[in-house]
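What follows is each chain in one-letter form.
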Amino acid sequence: MIADSTPRVLSIQSHVVHGYVGNKSAVFPLQVLGFEVDYINTVQFSTHTAYKHIKGNVLQNEEMEELIHGLVLNQVDYFTHFLTGYSRSPDSLKQIAEIIKKLRQKNPNLIYVCDPVMGDNGKMYVPEDILPVYRDTVVPLADIITPNQFEAELITGMKMNDLSGALKVIRALHEKGVKTVVLSSTDLGDDKNMIGIASTKGSCYKIDIPKVDATYTGTGDLFAALFLAWSHKTNNDIKLTLEKTIATLQSIVNDTYEKARAKQSTGKIPPALIELRLVQNKSIIEDPKITIHAVEIK
Ligand SMILES: Nc1ncnc2c1ncn2[C@@H]1O[C@H](COP(=O)(O)OP(=O)(O)O)[C@@H](O)[C@H]1O
Ligand SMILES: Cc1ncc(COP(=O)(O)O)c(C=O)c1O
Ligand SMILES: [Mg+2]
Ligand code: NA
């Protein structure tokens, strides 16, 4: 039998019935880019949590355990990649650490991509006792992490006020055993651009990210999924991976903004109008056009 070389991801993230965060942001792009994705929904909400009404339920740890056990019993627990995002409790996060160890028994070369979702712009939106579990247990198990600036500062207990400060934070994260450290965004740019930074095996690249005057949800989950996919497809060419990831995101956030403004020309855009337009941008996901190049920094 010819071995099937299709990469296989297990993604454990949120699910929303309407909209695009968590697995809804990750699964479709990964499938479009040629990955098999098995996924477990840690929550099933009607929409993400910035909407006025939140309805739905949370997967209990015993239910998570049962699903994993089913994969193991049926011997369908071989994965090339493992992807995790928003986790709602220290217990469920500790369970993630147990799962990664189990999956690595089946495939010692498993690549774990961890997006340590804890908050943004100086504010945590998960319980504070999740931080020590990421810092001491989960992040050290990851091959690739994709924190935003605030999450990277929380994990290291260090602030970054300039690029050399960012490099110190990145070095501290590498020292936790993480091979590839990616800051999905920082405010180290100017009033028009955020800066993304990706660092691995001694090379480090930064990239300008033109700001759009909107607040999105689901972009971090999309970033982590795209970075996983392009790392694999470029055989870990970190410069190209960062460029392809940002090219995809910029096309999607701009298209999403334009369509939202076509419906509401002024004022704060409500969550329902700014859900990421993934399906409508399938061809961009498949073949992003790089217009902004990453620059090596030392
Ligand atoms: N307002 C914005 N303008 C332009 N790009 C954005 C904006 N918000 C998010 N993005 C894109 O989404 C990516 C992830 O966003 P980020 O805020 O870093 O994720 P997180 O959800 O982890 O905080 C960024 O690298 C950028 O490409
Ligand atoms: C249910 C759920 N999952 C995940 C996220 C994370 O979204 P982002 O990708 O913007 O960090 C959110 C943010 O509100 C959320 O409500
Ligand atoms: Mg953010
Ligand atoms: Na992020």
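Look a little higher up for the structure.
Residues numbered from 1 in each chain as written. Chains lettered and ligands numbered in written order. Predicted model: local features only at pLDDT ≥ 70, side-chain atom pairs only at ≥ 80, totals over all residues. Heavy atoms only, no water.

Caption draft 1: Spotlight on the packing of helix H1 (residues 23-32) against helix H7 (residues 219-233). Remark: H1 packs on H7, axes separated minimally by 8 Å, with the N-to-C direction vectors making an angle of 25°. The orientation of H1 with respect to H7, classified from their angle, is roughly parallel. Considering only the axes of H1 and H7, their crossing is right-handed. In contact with Ser25, Ala26, Pro29 and Leu30 of H1, H7 contributes Asp221, Leu222, Ala225, Leu226, Leu228 and Ala229. When grouped by side-chain class, the residues that make up the contact of H1 with H7 number eight nonpolar, one polar and one charged. (Axes fitted to C-alpha atoms, helices over the stretch in contact; angles between N-to-C directions. Helix = DSSP H or I, 4+ residues; strand = E, 2+ residues; numbered from the N terminus. Parallel < 35°, antiparallel > 145°, perpendicular 65-115°, else oblique. Left-handed = near helix turned anticlockwise from the far one by under 90°. Contact = heavy atoms within 4.5 Å. Nonpolar A, V, L, I, M, F, W, Y, C, P; charged D, E, K, R; others polar.)

Caption draft 2: Seen up close, the pairing of strand S5 (residues 111-114). Inspection of the sheet shows strand S4 (residues 81-84) paired to S5 by four bridges, in the parallel sense. In the strand pairing of S5, histidine 81 is matched with isoleucine 111. Tracing the backbone out of S4, into helix H3 (residues 90-106) and back to the parallel element S5 gives a crossover that is right-handed. One ladder, built from two bridges, connects S5 with strand S8 (residues 144-145); its direction is parallel. Opposite valine 113, over in S8, you have isoleucine 144 as the bridge partner. (Pairing = 2+ DSSP bridges. Right-handed = clockwise from strand over helix to strand, strands pointing away.)

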